Amino acid sequence: MGPDVPLLNEYKQEFFWKRFPQTVLGGPRFKLGYCAPPFVYVNQVVLFLTPWLFGGIGTLLCQLQVLQELHAAVLSGMLMFAAAVAVQALAHYAARKSSTVERLGAPNILVDEEEVEFTNCVSPETVRFIAPGKRFGLNVVLHTILAGALCGFGTWYVFLGRLTALYGSIGVSLVVFVLSWVTLCIAEYSLIVNTATETATFQAQDTYEITPLTRPLYVFAFIAVDLAYRFSNPVPELHLSSQTLHVLFLFLPLLWALGILPPLDALLLWGMEQALVFGLGGSPMSSNLRLLLMFSLSTSVAVCNYFIPSTLGVVLFSVSMGFLLSLDLSQVHTLCRRPNTTFRNHVLHRDVSQLLTPSSFGWALGGRELLLHLILLLVAMAEGGLLHHFTGPAQSLLQAPISYLLLVLFCVCWAVREIQEVYVFGGVFLNPFYPRGITNVQTFKQKSKGLYIAAAFRRILLYLVSPFAMIAFLSMDKSVQFTHRVSVSVGFTRAFRVVWQSSEDALLQMVIVVLLRFAEGNTILSGWDNLGTEVQLLLVGLLIDRLRQFMAKLKFTLTVLVTSWTEKKQRRQSAGILLALNASLCPLLLAVVALSALLSAPLLPLFTLPIFLVGFPRPQRSWPGPVGTACPCPDSVFYKQMIGSLASSLRTAFARGSLGSLTPGSHFLGRFQDRMVWIMILEKGYGYCTVNIKGLELQETSCHTVEARRVDEVFEAAFEHPERIGFSHGFNSHWGNALTPCATLEVRVYSDARNVLSGIIDSHENLRKLQDDFMKVLIWLLLRYGVQKHKGFLWSSQEGSGIWGMKSQSSQFPQTTCNQPPEAVMVESNISSVKFRQDSSSTTSFGDWSDEDDLFGPQPARRTVALVTAEAQPGHTTLETGGSLPGSVEMDSLFENMALSALQPLQPLGLGIGMPAVDKGLNPELFRENPHLNFSCPYSEIFNLPPGWRTAPLLPSCLLSLRPLFPEEWFRFTLGRFGVAVQGQTSEDMNKALKEDEVLKELHVKVALSCLISLGAETAFNSPSYIYRVYCGDVPWTEGLDWLSSSKELYQLTLKAFRLSFKLLFDQASLGAMESHEELFSTLEDYERDWYIGLVTEKGWHDGVLQEKPFLFSLGHDLAMGTYTGRVLTLQEQLVQVGHLNGEGVRGQWANLSWELLYATNDDEERYSIQAHPFMLRNLTVQAADPPLGYPIYSSAPLHFPCL
């Protein structure tokens, strides 16, 4: 798409210009898009001016001194209350009337859905259009009472006499009076008549009708300040505040229209988060419930500190509660159950115990962890109490050496953390100590040993030394004597909490306070010194945070401005004008950036253009819903598999400081092959960090590909740079990019290799070899079947067979009750297609719908098992299936919600459907044998096969002609190897007896050749398409297919043998032929133990990835290229590159996304704001947003990592 793609399409533009005036005015709809009678507009104008009319009556009576101010305000409020009651009664009546009419009348489908037929000025349609009414009766009562109170207090707030006394000018008072009533009318209309859609939208749906309360409650906040000024003693600050707020009151409609003021839910969460972090020393929380609980507990601690009479008690209580609240106490019940339970809830991880071992400190709350925490708590309390009690007058003298110690600790910790990253000094210069150009994990670990040792030293200083040094500094401070002041009490609560909650930030804040004291010298700054150390730390922490936000927002602003012109694909026709405006209004632009940083609100680039607005303040998580929602697809399994290993690596990186200074709200991006991992820090405390990990889509679009290529370039410049760094190329050439590389992590993931099989699958020599390999593999499987049966394992439940996609899943999943016949059993999707093939030579055996972009192509006749079961039962109608999302593969649609053991067995393709007729009168005795065979060796009974497998309806002459295809030498070799396994000890006589048992051999000859004929391979496999169809389970009809499919186990064995033989062919074509029977036998054992060989669309593939099978193989067909492809997944430890994203850039783009989709409803898939941007990573950022606005294919629940 070009840079001048419309920001809004024509329909959305018309919709926007209807909605925006309604938002500005609070709800009246004057722009409808169709012709409406004049009374519709007149009614809305009358209702809009009603509060002004009633307020004017009260004001007039007060000015004429007929009523006092209070009585006049009460009169206005009562009149407005009566009007609100009337409006709600009319709305209720109209709703009942309209519902009756709708039930009787038929809707006109030719009329525009927004168009309303107005009959008269008080008709139900007119009333419902103007005043839709409330959904809940409680809201009717509450909003009506608030409407009266708002009019009454508003009248009192803007009395002319009061305004004249406030400003001393009648002219100014009249202007303020008129414009203030505009604000009041807007607030009243949105509360009681019709609520406009707010530009500041946090929730996708207003379930409980909270939006109508937003504007009135802001008005009440202004009135509350004025009431405090009126009823308190004269205070200059309150007088100035009242004057300022009366002026700001006039601009409330503008602030509402621009979306700067947050909705109530976002305001409450943001306020609690800011108070918790900067006032009480806590951290943003990973959920709203945790935020509410932590805020309540922290506030209780501050209150207790205020009322504790003893200063020693304050110190001890603050130290102990600060330490306890900085721990992740909510995870105690989870971590106590068993190690890694947190991850097992989200990940099916076979080797998770190897990645997160119980001996790893912190994953389980065991004896070591409890002992360490108890020791730290007791030592901290003892240190604080003793220093405070015994230092006495010498406090200031003893603080000096502690101050120098804090300076040394900060410098050492900062320097060691800097060299842990690939870039230093804010991502500007390459780190000469960081190993680069290394792809081998072991080599990387060896070259990083020095960094690891330095990180361990830093960890000791930061987590074990620094907290106690800071506690000593605080305990000896003289301001602890004034804890009965509210500011000091809150400051002490915060100071002793942040020492543990965020040790690195607390160390920086104390160092700044110490440096200010050193710079101050003997000079006394009364205002600053009177605050006390704790309040100084609070202000310094707030200032540092806002300064960081300002710098990050300024960098994001410059990126948007510069790239709007330098990037040709981003250069719109209006780019020059916008740049000129921003340059000419540079002070205003800086003011917008500073205001957004001051409010800790996102900087919103409108449509991601260089048009900057202040978004409404919201929590750091940016989204109101719970963490962990995603849009899953079959590719999600790759992120589920790697989450356990990634968690372990992230824990180590967090502890070492390899990812920089961790703060809640930080975002990281990890890249490996086609996988992208989005990591967000949700919460941080002492010894733990809570993160959310998201996986982005693997099916790359053009925009995704452009940004992924730029991500690769940024990482290559950092991690694949030559070891020898010169001054000229030691800079970060991608400093302006939103992504700054940090470090590489060792993660156990699947590497994905895809090969075109041209020259292998179409080689005549290989096709002839495939027949011989198939016979050998089938014989190996038949003999192994006997061994497994002898050892007491059913074929469907043994470990090896479970990875081929052809076993019953009843052993893996719990049984559920379902009204299915008892003979109903589940079979895998690879043979489900057989039931529905209409003709053996028809292309309709392929699926009903296919995505030609899929490298591996559509699989034949892919239908749901639920549909198969329904059609298989007589008298059942065909199930209706919903449409799939284009471009996606519905993994779970194969099984629906049915019990896996309750699904019908599927029959092979074409049974009785357009196939040659079978002679029903044929005498079956010709093919029936005695079920009791006379074996010459007693151990031969172990390798006996079921009687049904010997009843193939094939002529003996046919089997006799194919007898040379049976590999007798391989049969004897395999029999000898399995014989040793069965006997438990080496016995040459028994092995010889087994090999010389002709009855056993003839049994396997007949069964193996019968299976060969049933697959139609008696004359070798003749084409690649035939191989592909058989591999997929779409076996063309043959004479023996009915018999083969009647035995589920034999059918599964045969298909499994074919898939193994094809994999054997693939390996031999790539690596060379097998030189001995021993090598072939060992290879087949490796396949059985370490491989999953099947199709990517099968559930077995999904399970194999989650179970971490070392290798997976799939055969595919690229319809667009007309080629067959092989895909191999290899599980191994790889280096995953991780970089830090500009968090303010992410928040700004997410704020614009929320505005575009929730307010402007701009859901066009080709809109400008979702197009690729190599610097801002715009497309990836949109993907990573929480659904329904974003579409990550995987999102974890909050994961808690130990960081000690």
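The structure presented is a predicted model; accordingly, all values stated were derived computationally and were not measured. Counting restarts for each chain, with residues numbered from 1 along the sequence as it is written. pLDDT decides what is reported in this predicted model: residues at 70 or higher carry local features, side-chain atom pairs at 80 or more are listed and counted, and totals for whole chains, interfaces and linings draw on all residues regardless. Side-chain figures throughout are based on the complete set of non-hydrogen atoms in the structure, without hydrogens or water.

Time to look at the packing of helix H13 (residues 311-325) against helix H21 (residues 486-501). Axis lines are fitted to C-alpha atoms, over the contacting stretch for helices. Their N-to-C directions set the angle, which ranges from 0 to 180 degrees. Only runs of H or I of at least four residues qualify as helices and only runs of E of at least two qualify as strands under DSSP, and these elements are numbered from the N terminus. The contact between H13 and H21 brings their axes to 8 Å, and the two run at 40 degrees. Classed by the angle they form, the pair H13 and H21 counts as oblique. As H13 runs across H21, the sense of the crossing is right-handed. When H13 is examined against H21, the residues Val315, Ser318, Val319, Gly322, Phe323 and Leu325 are found in contact with a partner set consisting of Phe492, Phe496, Arg497, Trp500 and Gln501. Gly is put with the polar residues, along with every residue not named as nonpolar or charged; the nonpolar set is Ala, Val, Leu, Ile, Met, Phe, Trp, Tyr, Cys and Pro, and the charged set is Asp, Glu, Lys and Arg. A class-by-class count of the residues in the contact of H13 with H21 yields seven nonpolar, three polar and one charged. Roughly parallel means an angle under 35 degrees; roughly antiparallel means over 145; roughly perpendicular covers 65 to 115; every other angle is labelled oblique. Crossing handedness is defined as follows: a turn of the near helix away from the far one that is anticlockwise and smaller than a right angle gives a left-handed crossing, while the clockwise case is right-handed. Should any heavy atoms of two residues lie within 4.5 Å, those residues are counted as being in contact.

In this scheme Phe, Tyr and Trp rings, the latter by its six-membered ring, pair at centre separations within 6.5 Å, and the angle between planes marks the pair as stacked below 30 degrees, edge-to-face above 60, and tilted otherwise. In this structure the tally under the stated criterion is 45 aromatic pairs. An angle of 80 degrees between the planes, with centres 6.3 Å apart, marks the rings of tryptophan 780 and phenylalanine 1081 as edge-to-face. Here phenylalanine 1081 lies in helix H38 (residues 1077-1090) and tryptophan 780 lies in helix H29 (residues 764-790), a separation of 301 residues in the sequence. The pair tryptophan 780 / phenylalanine 1081 is uniform in exposure class, with both members buried. Each ring, one from phenylalanine 1066 and one from phenylalanine 1113, has its centre 5.3 Å from the other, and the planes form 45 degrees; the classification is tilted. Each residue is assigned to one of three classes by its accessible area relative to the maximum for its type, calculated with a 1.4 Å probe on protein chains only: buried under 20%, partly exposed between the two thresholds, exposed over 50%.

A word on the pattern of salt bridges. Throughout this description, the term salt bridge denotes a Lys or Arg side-chain nitrogen within 4 Å of a carboxyl oxygen of Asp or Glu. This model, assessed by the stated rule, comprises 39 salt bridges. Between arginine 290 and aspartate 328 there is a salt bridge; the shortest N-O distance is 3.2 Å. One end of the pair, arginine 290, is in helix H12 (residues 288-307); the other, aspartate 328, is in the loop between H13 and helix H14 (332-337), with 38 residues separating them in the sequence. By relative accessible area, which is 16% here, arginine 290 ends up buried. Aspartate 328 sits in the buried class, given a relative accessible area of 13%. A salt bridge links arginine 1029 to aspartate 1034; its shortest N-O distance comes to 3.5 Å. Overall, the relative accessible area of 16% leaves arginine 1029 in the buried class. Salt bridges sharing partners connect three or more residues here, namely Arg963, Glu968, Arg972, Glu998, Lys1001 and Glu1002.

On to a nonpolar patch on the surface, then. Only residues whose relative accessible area exceeds 30% and that take part in no salt bridge are eligible for patches, with like-charged residues grouped when within 9 Å of each other and nonpolar side chains (Val, Leu, Ile, Met, Phe, Trp, Tyr) grouped when within 5 Å. The protein chains shown are the only cover counted for residues, whose accessible areas, like all others here, come from Shrake-Rupley with a 1.4 Å probe. A contiguous nonpolar surface patch, about 620 Å² in accessible area, is contributed by Leu70, Val74, Met78, Phe81, Val85, Val141 and Ile145. Per-element tally for the nonpolar patch: the top contributor is helix H3 (residues 69-104), with five residues. Take valine 141: it is sitting in helix H5 (residues 137-157).

Glancing now at the side chain of glutamate 504. With respect to the secondary-structure elements, glutamate 504 resides in helix H22 (residues 503-520). A relative accessible area of 18% places glutamate 504 in the buried class. N or O atoms within 3.5 Å of each other form a polar contact, as long as, within protein, one can give a hydrogen and the other can take it, and as long as residues adjacent in sequence are counted only when both atoms are side-chain atoms. There is a polar contact of 3.3 Å between the side chain of glutamate 504 and the side chain of arginine 458. With residues up to four places along the chain from it excluded, the contact list for glutamate 504 reads Arg417, Arg458, Leu462 and Ser661.

On the secondary structure map, aspartate 1164 appears in the loop between helix H40 (1143-1159) and helix H41 (1178-1183). Here the alpha-carbon distance between aspartate 1164 and lysine 12, two residues 1152 residues apart in the chain, equals 9.4 Å. Among the polar contacts made by the side chain of aspartate 1164, one reaches the main-chain amide nitrogen of glutamate 1166 at a distance of 3.1 Å.

Turning to the pairing of strand S13 (residues 1199-1202), a few remarks are in order. A two-sided burial pattern is seen for S13, the buried positions comprising Leu1199 and Phe1201 on one face and His1200 and Pro1202 on the other. Both strand S7 (residues 688-695) and S13 contribute to a ladder of four bridges, which runs antiparallel. Residue pairing across strands places cysteine 689 opposite phenylalanine 1201, the latter belonging to S13. Pairing between two strands requires that DSSP report at least two bridges joining them.

What makes a nonpolar core is a set of buried Ala, Val, Leu, Ile, Met, Phe, Trp, Tyr and Cys residues whose side-chain atoms join them at distances within 4.5 Å. Of all hydrophobic cores here, the largest spans 120 residues; its most connected members are Leu650, Phe654, Leu659, Leu669, Val691 and Ile693. A per-element tally of this core places helix H20 (residues 449-475) first, with 12 residues. Apart from residues lying up to four places away in sequence, phenylalanine 654 is in contact with Leu659, Leu662, Ile681, Cys689, Val691, Phe1201 and Cys1203. Listed in part, the 75 residues of the second largest apolar core include Leu959, Leu975, Val1007 and Trp1091.

This brings us to unusual backbone geometry. At the junction of proline 1187 and proline 1188, the peptide bond is cis and its omega measures out at 10 degrees in the coordinates. Relative to the helices and strands, proline 1188 resides in the loop between H41 and strand S12 (1194-1195). Phi is positive for threonine 608, which is not a glycine, with a value near 60 degrees. The residue threonine 608 is located in the loop between strand S3 (603-605) and strand S4 (612-614) in this model. In this model, threonine 1161 sits at a positive phi of 50 degrees, which is unusual for a non-glycine residue.

Let us look at helix H9 (residues 236-250). With 15 residues, H9 should cover 21 Å at 1.5 Å per step; its first-to-last C-alpha distance of 22 Å lies within 8% of that length. Looking at H9, one finds that the buried residues are Ser242, His246, Phe249 and Leu250. Viewed along the axis of H9, the buried residues span an arc of 105 degrees, placing them on a single side of the element. In H9, the exposed positions that point more than 90 degrees away from the buried face belong to Pro236, Glu237 and Leu240. Each helix should span, by expectation, one fewer than its residue count multiplied by 1.5 Å. Of all possible arcs, the one meant is that of the directions from the helix axis to the C-beta atoms.

Before going further, it helps to spend a moment on the side chain of lysine 776. Mapped onto the secondary structure, lysine 776 falls in helix H29. When sequence neighbours within four positions are dropped, the list of residues in contact with lysine 776 reads Pro967, Trp970 and Leu1080.

Bringing the state of the cysteines into the picture now. Two cysteine sulfur atoms make up a disulfide if the distance between them is within 2.5 Å. Inspection of the entire model under this criterion finds zero disulfides. In this structure cysteine 413 is not part of a disulfide, and its nearest cysteine sulfur, from cysteine 411, lies 9.5 Å away. Overall, cysteine 413 belongs to the buried group, its relative accessible area being 3%.

Once that is clear, we can look at the environment of proline 1198. Considering the arrangement of structural elements, one finds proline 1198 in the loop between S12 and S13. Taking C-alpha positions, proline 1198 is 5.2 Å from asparagine 692, a pair spaced 506 residues apart along the chain. Among residues more than four places away in sequence, those in contact with proline 1198 are Ser286, Val627, Leu682, Thr690 and Val691.

A separate point is the packing of helix H2 (residues 38-63) against helix H7 (residues 170-192). One way to put it is that H2 packs onto H7 with a least axis distance of 9 Å and a crossing angle of 125 degrees. Classified by the interaxial angle, the pair formed by H2 and H7 is oblique. With respect to the hand of their crossing, H2 and H7 are arranged in right-handed fashion. Where H2 abuts H7, its residues Gln44, Leu47, Phe48, Pro51, Trp52, Gly55 and Thr59 lie against Phe177, Trp181, Cys185, Ile186, Glu188 and Tyr189.

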